[in-house]
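Reading the structure
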Amino acid sequence: MTKTVTFRRRSLRSRLHQCWPLYLFLVVPLLYLAVMQYYPMYGAQIAFRRFRASLGITGSPWVGFDNFIRFFNDYQFTRIIVNTLVISFYTLFVSFFTRIILALSINSVRSKYYQKPVQMITYMPHFISTVVMVGIIVQFFNPRLGIIARILAPFGVTRDLTGVPAAFSHIYVWSGVWQSTGWGTIVFLAALAGVDPNLHEAAICDGATRLQRIWLIDLPAIFPVAAIMLILDAGRVMSLGFEKVYLMQNSLNISASQVISTYVYMVSLGSGRPDFSYGAAIGLFNSVVNFILVLTVNSITKKLNQSSLW
């Protein structure tokens, strides 16, 4: 005779009574999400209205997609989208691979006397503020005193490159690589730390070189982590950092440095007649594109290697 064991599901009240300290820890992050992330979504409707502060959000007249159509018909639309995509994908491509290469290089060095100082030196630029970072860039490219300007002077480059539109994306991206690559290797180094040393020992016994071990053991180990990081980075493609671009922007390089985030600021807060509805419409369009990119990259990585966010 088989005895059937039944489990009675506890009520929510009993679970709360027994584990109330754990649920109490959830209150602060849930409040943060509700106040800072979900409540502001109520104001997103001004993108579909002609917002007037005196009338309030719900009292402002509804205009539908007029603000979006206005942005699509703007003479700067193509230039802004192209600038944003060029700088974003340039940053994504360069920073993604430099982080992996640096992580593999540091992991391949077995001497702690060399490995730890290299890690510390590459991490340090991450803690430099954006304002200080842009100040360093300006000083380095100063035609009279800048070290980079003096290096380029014998080659006939005497202009201030921070004012050259064609050089803006390169300065932005490679200065960001110097500042953030070391910090970005932390996740990959953590994944590499989980690789079984026996795999490397077996590969060495089979005559594998260091490059072969990196290609056949280390790279497959960090591939799932790299896929997740790529998905997260793809979700920020259109949300190019406002602070650094705005601080590096000037009247000479505006044709290459005007991106969505700076344009939203210009039309909504930096203008003598701020148009909050127009700025909100551009920001909402930006968020929708980022959402579509996340879905696309997630589905691609899921089909390629079964690694995805969901």
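Whatever comes next refers back to the structure up there.
Residues numbered from 1 in each chain as written. Predicted model: local features only at pLDDT ≥ 70, side-chain atom pairs only at ≥ 80, totals over all residues. Heavy atoms only, no water.

What about the packing of helix H5 (residues 77-108) against helix H9 (residues 165-193)?
Just so we agree on the cut-off: Note on geometry: axes are lines fitted to C-alpha atoms, helical ones only across the stretch in contact, with angles between N-to-C directions running from 0 to 180 degrees. The way it works is that DSSP assigns letters per residue, a run of H or I at least four long becomes a helix, a run of E at least two long becomes a strand, and they are numbered from the N terminus. For this classification, under 35 degrees means roughly parallel, over 145 means roughly antiparallel, 65 to 115 means roughly perpendicular, and everything else is oblique. What makes a crossing left-handed is the near helix being turned counterclockwise from the far one by less than a right angle; a clockwise turn instead makes it right-handed. Residues are grouped as follows: nonpolar covers Ala, Val, Leu, Ile, Met, Phe, Trp, Tyr, Cys and Pro; charged covers Asp, Glu, Lys and Arg; every other residue, Gly included, is treated as polar.
Running from N to C, H5 and H9 point in directions that differ by 40°, and their axes come no closer than 7 Å. By the angle between their directions, the pair H5 and H9 is classed as oblique. The two elements H5 and H9 meet at a crossing, and its hand is right-handed. Split by residue class, the contact of H5 with H9 holds 16 nonpolar, eleven polar and one charged.

Considerations on the environment of Leu26
Looking at the secondary structure, you find Leu26 in helix H2 (residues 20-38). In this structure the C-alpha to C-alpha distance between Leu26 and Arg236, which are 210 residues apart in sequence, comes to 27 Å.

Details of helix H7 (residues 130-140)
So the rule is basically this: A 1.4 Å probe rolled over the protein chains alone gives each residue an accessible area, and that area as a share of the maximum for its type sets the label: buried under 20%, exposed over 50%, partly exposed in between. Along the arc lie the directions from the helix axis toward the C-beta atoms. Contacts are assigned to residue pairs with any non-hydrogen atoms lying within 4.5 Å of each other.
Those residues of H7 that sit buried are Met133, Val134 and Ile137. Projection of H7 onto a plane perpendicular to its axis shows the buried side chains occupying an angular sector of 95°, all on one side. Residues of H7 that are buried make contact with H9 and helix H12 (242-248).

Digging into the packing of aromatic side chains
What counts here: In this analysis, rings of Phe, Tyr and Trp, with Trp reduced to its six-membered ring, are considered paired at centre separations within 6.5 Å, and the interplanar angle assigns stacked below 30 degrees, edge-to-face beyond 60, and tilted for intermediate values. Should the NZ of a Lys or the CZ of an Arg lie within 6 Å of a ring centre and within 35 degrees of the ring normal, that charge is described as sitting over the ring.
Applying the stated criterion across every chain yields a total of 22 aromatic pairs. Consider the rings of Phe71 and Phe72, whose centres lie 6.1 Å apart with planes at 45°: the pair is tilted. We classify Phe72 as partly exposed; its relative accessible area is 38%. Ring geometry for Phe72 versus Phe285: centroids 5.5 Å apart, planes at 75°, classification edge-to-face. Placement of the pair is Phe72 in helix H4 (residues 66-72) and Phe285 in helix H15 (residues 276-305), with a sequence separation of 213 residues. Look at Phe285 and you get buried, because its relative accessible area is 18%. Here the aromatic cluster, defined as three or more aromatic residues joined through ring pairs, consists of Phe71, Phe72, Phe77, Tyr263, Tyr278 and Phe285. Positioned above the aromatic ring of Tyr278, the side-chain terminus of Arg70 is 3.9 Å from the ring centre. The residue whose ring lies beneath Lys244 is Tyr172, and the NZ or CZ to ring-centre distance is 4.8 Å.

Purely geometric stuff here, so don't read any function into it on its own.
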